[in-house]
Amino acid sequence: MAVERTLSIIKPDATRRNLTGKINAVFEDAGLRIVAQKRVQLTEAQAGAFYAVHKERPFYGELVSFMISGPVVLQVLEAENAVAKHRDVMGATNPKDAAPGTVRAEFAESIEANSVHGSDSLENAVNEIRFFFAETEIVG
C-alpha cells in the first residue's frame, strides 16, 4: 500500500470542549501521523467555499454557520491507506451509528456536532489539503 495524506478537521464542538489532544491520541494510536497542523477561525467565505459541494443541500447554511462558530484544528494526516484508516477511526457520521472506540462514538454531541471531518477519497484529500495548506507547511 502507498503512503497517503488526508485532511482532518477537528470541529468547533470539539475544540470548545478542549478535546484536540484526546482526538489526536486516537488518530495517532491508529497509526496516523500528524504532518501539518494549525488552529484557525474560519471565515464564512472560507467555510462556504470549502463546503461548496453541499451548497444545494438543505443543511449547507447550518453547516457553514456551525463551522465558523468557533476555532477548528486543520490537520494533514499521513499513513498507509490514510483516507480509509482515518474514516474508520472517525466512525459513522451519525454518532449513534458509530462503532465503540471511534472518535464520533466517544466525543460527538450530535450528527451535526460530530467533532471531526475527514476527506472521503484520495482525490478529495488532495484538493482539501491544498485548500488549507501550502506544501511548505507539511512536514513529514
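The sections below set out a description of the structure shown in this document. Since the model is a prediction, treat every value here as computed from it, not as a measurement.

Concerning the overall build of the chain
Each helix and strand in the chain was counted, giving 7 helices and 4 strands. Starting at the N terminus and ending at the C terminus, the chain contains elements arranged as β-α-α-β-α-α-β-α-α-β-α. Whereas a compact globule of 140 residues would reach a radius of gyration of roughly 14 Å, the chain reaches 14 Å, a difference of no more than 12%. Taking the principal axes of the C-alpha coordinates as reference, the chain spans close to 40 × 35 × 25 Å. Taking all 140 residues of the chain together, 46% fall into the buried category. Considering only contacts within the chain whose residues lie at least 6 apart along the sequence, 77% involve residues at least 24 apart. If you sum the accessible surface of the chain, you get close to 7300 Å²; carbon and sulfur atoms cover 50% of it.

A look at helix 5 (residues 82-90)
Along helix 5, the residues that are buried comprise A82, V83, H86, V89 and M90. Burial along helix 5 is one-sided: seen end-on, the buried residues are contained in an arc of 140°. Looking at the packing, one finds that the buried side of helix 5 touches strand 1 (3-10), helix 2 (20-29), strand 3 (72-80), helix 6 (103-107), strand 4 (116-118) and helix 7 (122-132). Of the residues trailing helix 5, G91 is marked for its positive phi of about 95°.

Parameters and conventions
- Residues numbered from 1 in each chain as written.
- Predicted model: local features only at pLDDT ≥ 70, side-chain atom pairs only at ≥ 80, totals over all residues.
- Heavy atoms only, no water.
- Helix = DSSP H or I, 4+ residues; strand = E, 2+ residues; numbered from the N terminus.
- Rg over C-alpha atoms; globule rule 2.2 N^0.38 Å.
- Buried < 20%, exposed > 50% of the residue type's maximum accessible area, 1.4 Å probe, protein only.
- Contact = heavy atoms within 4.5 Å.
- Areas by Shrake-Rupley, 256 points an atom, 1.4 Å probe, with all protein chains shown as cover.
- Arc of directions from axis to C-beta.

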